[in-house]
Amino acid sequence: MLDDFFVRALLAGIGVALTAGPLGCFVVWRRMAYFGDTMAHAGLLGVALALVLQIAPVFGVFAVAAAIAGALLLLDRRGALSTDALLGLLSHGTLAVGLVLVALMTWVRIDLTALLFGDVLAVGADDLVLIWAGGAVVLAGLAWIWRPLLADTVHPDLAAAEGMRPGRARLVLMLLMALVIAVAMKVVGVLLITALLIIPAAAARRLSTTPEAMAGLAAATGVLAVVLGLFASLHWDTPSGPSIVVAAILLFGVSLALPTVRLGR
Amino acid sequence: MTDVVASAPEPASDPGVPQHRSGEPLVSLTGVGVHRSGRWLTRGVDIDVRPGEIVTLIGPNGSGKTTTAKVAAGIVRADEGRAITRAGVRIGYVPQKIQIDWTLPMTVRRMMTLTGRYGAAEIDAALDAVGIAHLAEAEAQSLSGGEFQRALLARAMVRRPDLLILDEPVQGVDFTGEVTLYALIKQIRDETGCGILLISHDLHVVMAETDTVVCLNGHVCCRGTPQSVAENPEYMRLFGGRAASTLAVYRHQHDHTHLPDGRIRHADGTVTDGHEHHHDHDHHDRQRSGHA
């Protein structure tokens, strides 16, 4: 069954959606959408550097995304620029440097479209292993820091006063985001990863009364978007990554139209 | 230094209270100073909080009250001096202001377990104690200022803290609500014997049950029982002669409690149907709208 490219694509998309949903909830709650976008854009630079160093792209993406997150935190603390200006600078700066580097490397043939928008129909069995193993690590890490991170999201001082060690939770969150970006890149590409983090979480919000219900619902919404998007892409011969995002947006629209039935009580 | 009797209008404490105002300090600040962006937010602060003791910080805006409380809570590290928390002390913290983002779904019940795992019975008991048991399933964002402050207090209570740190817990609460919250804080102290570090939002008002008032103004300006601080020349010089006559104390005053089923329990123990109460309000409203 795994021989079929479409089944592999489904499995890859579902694996990413299952982890991006719960993690994306924190991106929404903590207002980190642009932060996530910046880390994702830096992923292209990660691919380019991985090619130069001849290591697997996933390591390059993870390392650069994590480094960008660290740089952001440091620069933000120095307060030279406002946070959103800083994010814009790093986001587009790393994307541009990545594009230039890729163009300079004339000796390798790189499908730039696949990097930017994903190429889920081309995932191999090894990619699948990477996505599901990486996803398991992300979910386990998120479960580990769930309570401290949620307390920090509600009120950092409260979390610190009551022994939650919020600094460590924030650091782990950065690493988990870098990991999700590294494994999701193949599926939706650097430009659309943030959509997979944010849209399912946003769609889940109105139907949830607890953070945990919202995380579960976001994962389910993401899986549904992947399935709908991939079948649509097969049927109408549209690009797969963008089709998944369009499906997610449609689900978000449906969630707005639904009467308020609340889960999580 | 702590003259208990002067501050308390009624017999100071129930005899059954464990470790009341005794024992080693839960937290001890010695010569604490915090330095930020080229200036000292506060300096040379000495404060001890012992089990069963209520210490109230007063002072004008920017006098370092919140900073001092944050050092005591272990949130901010002292740049000068020492802050020692007794080993194994569990802290409950009620911050000055919490704004829960609308995107974060959070019922009052879920808020109770933000920093720890507690059973449904403990949570219900804490919510009942602050009089908002009927709001357990409500969204935290939909609560009024007073209800939210009570929820925050219940959240800190359910932890069974040894040390409760309250940063302006009655801020934004109307007068009746203020009196009720202060009564509740005293009750928590009496029942659990925890130490309480309280920041008062009002320079002229402290709880009657306060053991020690510490008046801050970038440094400790004066300290003592509420009575002795009111008469302190430093305090008068800082806040004017009028302040001395108006350093008021809140007395314990019972109020009614809302039960989970919507009925109301009054101070004398009687329970009445909430509907009658509402009917009254309706009546008033109708009268008022008739005039308008």
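None of these values were measured; they are calculated from a predicted model.

## Concerning the overall build of chain A
Step number 1: In terms of helices and strands, chain A carries 11 helices and 0 strands.
Step number 2: When the helices and strands of chain A are placed in sequence order, the string is α-α-α-α-α-α-α-α-α-α-α.
Step number 3: For a compact globule of 265 residues, the expected C-alpha radius of gyration is about 18 Å, and chain A comes in at 18 Å, within 12% of that figure.
Step number 4: Seen through its principal axes, chain A has C-alpha atoms that stretch 55 × 45 × 30 Å.
Step number 5: For chain A, with 265 residues in total, the buried portion stands at 51%.

## Remarks on the interface of chain A and chain B
Step number 1: Between chain A and chain B, the contact holds 22 residues from the first and 20 residues from the second.
Step number 2: Of all the secondary structure elements, the ones that give two or more residues to the side of chain A that touches chain B are α1 (5–29), α6 (125–154), α7 (156–161) and α10 (211–236) of chain A.
Step number 3: When its residues are assigned to classes, the side of chain A that touches chain B shows 12 nonpolar, 5 polar and 5 charged.

## Some details on the sheet that holds strand β4 (residues 80–85) of chain B
To summarise the sheet geometry, strands pair through backbone hydrogen bonds and adopt either a parallel or an antiparallel arrangement.
All names here are of chain B.
Step number 1: Across the sheet, which stays open at both edges, the 3 strands sit in the order β2-β1-β4 with antiparallel pairing between neighbours. In the strand order of this sheet, the two ends are held by β2 (39–49) and β4, each with one partner. Ignoring which end each strand starts from, the neighbouring axes of this sheet average 25° apart.
Step number 2: In this sheet, β4 lies alongside strand β1 (residues 27–36) in antiparallel orientation, the contact comprising 5 bridges. Bridging across to β4, T30 finds its partner in R82.

## Comments concerning the sheet that holds strand β7 (residues 195–199) of chain B
Residue and element names in this part refer to chain B.
Step number 1: Strand order in the open sheet formed by 6 strands is β5-β6-β7-β3-β9-β10, and the pairing between neighbours is mixed. On the outer flanks of this sheet lie β5 (91–94) and β10 (220–224), each paired with one strand and no other. The sheet shows a mean angle of 15° between the axes of neighbouring strands, taken without regard to direction.
Step number 2: Bridge count for β5 against strand β6 (residues 163–167) is 4 bridges, and the pairing is parallel. Across the sheet, the residue bridging to V94 is L166, located in β6.
Step number 3: The strands that helix α5 (residues 145–157) touches are β5 and β6; relative to β5, the one it contacts most, it runs at about 170°.

## Notes on the packing of α1(A) against α6(A)
Residues and elements named next belong to chain A.
Step number 1: For the pair α1 and α6, the least separation of the axes is 10 Å and the interaxial angle reads 15°. Between α1 and α6, the angle falls in the class roughly parallel. Crossing handedness for the pair α1 and α6: left-handed. Counted together, R8, L11, A12, G15, V16, L18, T19, P22, L23, F26 and W29 of α1 and D127, L128, I131, W132, G135, V138, L139, L142, L149 and T153 of α6 form the full contact between these two elements.

## Considering the environment of H35(B)
Step number 1: Locating H35(B) in the fold gives a position in strand β1.
Step number 2: Considering only alpha carbons, one finds H35(B) and D79(B), 44 residues apart in sequence, at a separation of 6.2 Å.

## A short note on the confidence of the model for chain A
Step number 1: With 96% of its residues at a pLDDT of 70 or more, chain A has an overall mean of 90.
Step number 2: α10(A) holds the highest mean pLDDT among the elements of chain A, 96, whereas helix α5 (residues 112–117) of chain A holds the lowest, 85.

## Points about helix α6 (residues 175–192) of chain B
All names here are of chain B.
Step number 1: For α6, which comprises 18 residues, the first-to-last C-alpha distance of 26 Å matches the rise-based estimate of 26 Å (1.5 Å per residue) to within 8%.
Step number 2: Taken as a whole, α6 has its buried residues at E178, T180, L181, Y182, A183, I185, I188 and R189.
Step number 3: Downstream of α6 by one or two residues, G193 has phi in the positive range, about 70°.

## What about helix α2 (residues 65–73) of chain B?
Residues and elements named next belong to chain B.
Step number 1: Most of α2 is tucked away, with 9 of its 9 residues classed as buried.
Step number 2: Turning to α2, its buried residues are K65, T66, T67, T68, A69, K70, V71, A72 and A73.
Step number 3: A positive phi of about 80° marks G74, the residue just after α2.

## Some remarks on the packing of α1(A) against α10(A)
Residue and element names in this part refer to chain A.
Step number 1: At a minimum axis separation of 7 Å, α1 and α10 run at an interaxial angle of 150°. In terms of orientation, α1 lies roughly antiparallel with respect to α10. The two elements α1 and α10 meet at a crossing, and its hand is right-handed.
Step number 2: Its residues placed into classes, the contact of α1 with α10 shows 20 nonpolar, 5 polar and no charged.

## Structural notes on unusual backbone geometry
Residues and elements named next belong to chain A.
Step number 1: Positive phi, close to 55°, is recorded for R31, a residue that is not glycine.
Step number 2: Mapped onto the elements of the fold, R31 is located in the loop between α1 and α2 (33–53).
Step number 3: R31 sits in the exposed class, given 11 other C-beta atoms within 10 Å.

What counts and what doesn't
- Each chain carries its own residue numbering, running from 1 in the written order of its sequence.
- The order in which chains are written sets their letters, starting at A; the order in which ligands are written sets their numbers, starting at 1.
- Totals for whole chains, interfaces and linings use all residues, but because this is a predicted model, local features are given only for residues with pLDDT of at least 70 and pairs of side-chain atoms are given and counted only at 80 or more.
- Where helices and strands are cited, they refer to DSSP runs of H or I of at least four residues and of E of at least two residues respectively, numbered from the N terminus.
- Using C-alpha atoms as the atom set, the radius of gyration is obtained and then compared with a globule rule of 2.2 Å times the number of residues to the power 0.38.
- Here a residue counts as buried when 20 or more other C-beta atoms fall within 10 Å of its C-beta, as exposed when 12 or fewer do, and as partly exposed in between; the C-beta atoms come from the backbone.
- What counts as a contact is two residues whose backbone-derived C-beta atoms lie within 7 Å of each other.
- We call Asp, Glu, Lys and Arg charged. Ala, Val, Leu, Ile, Met, Phe, Trp, Tyr, Cys and Pro are nonpolar, and the rest, Gly among them, are polar.
- Note on pairing: two strands pair once DSSP finds at least 2 bridges between them.
- Each axis is a line fitted through C-alpha atoms, and for a helix only the stretch in contact is used; angles between axes span 0 to 180 degrees, taken between their N-to-C directions.
- Note on terminology: angles under 35 degrees are roughly parallel, angles over 145 are roughly antiparallel, angles of 65 to 115 are roughly perpendicular, and the others are oblique.
- Take the far helix as your reference; a near helix turned counterclockwise from it by less than a right angle gives a left-handed crossing, and one turned clockwise gives a right-handed crossing.
- On a range of 0 to 100, pLDDT expresses the predictor's confidence in each residue.
- Working rule for helices: expected span equals 1.5 Å times residues minus one.

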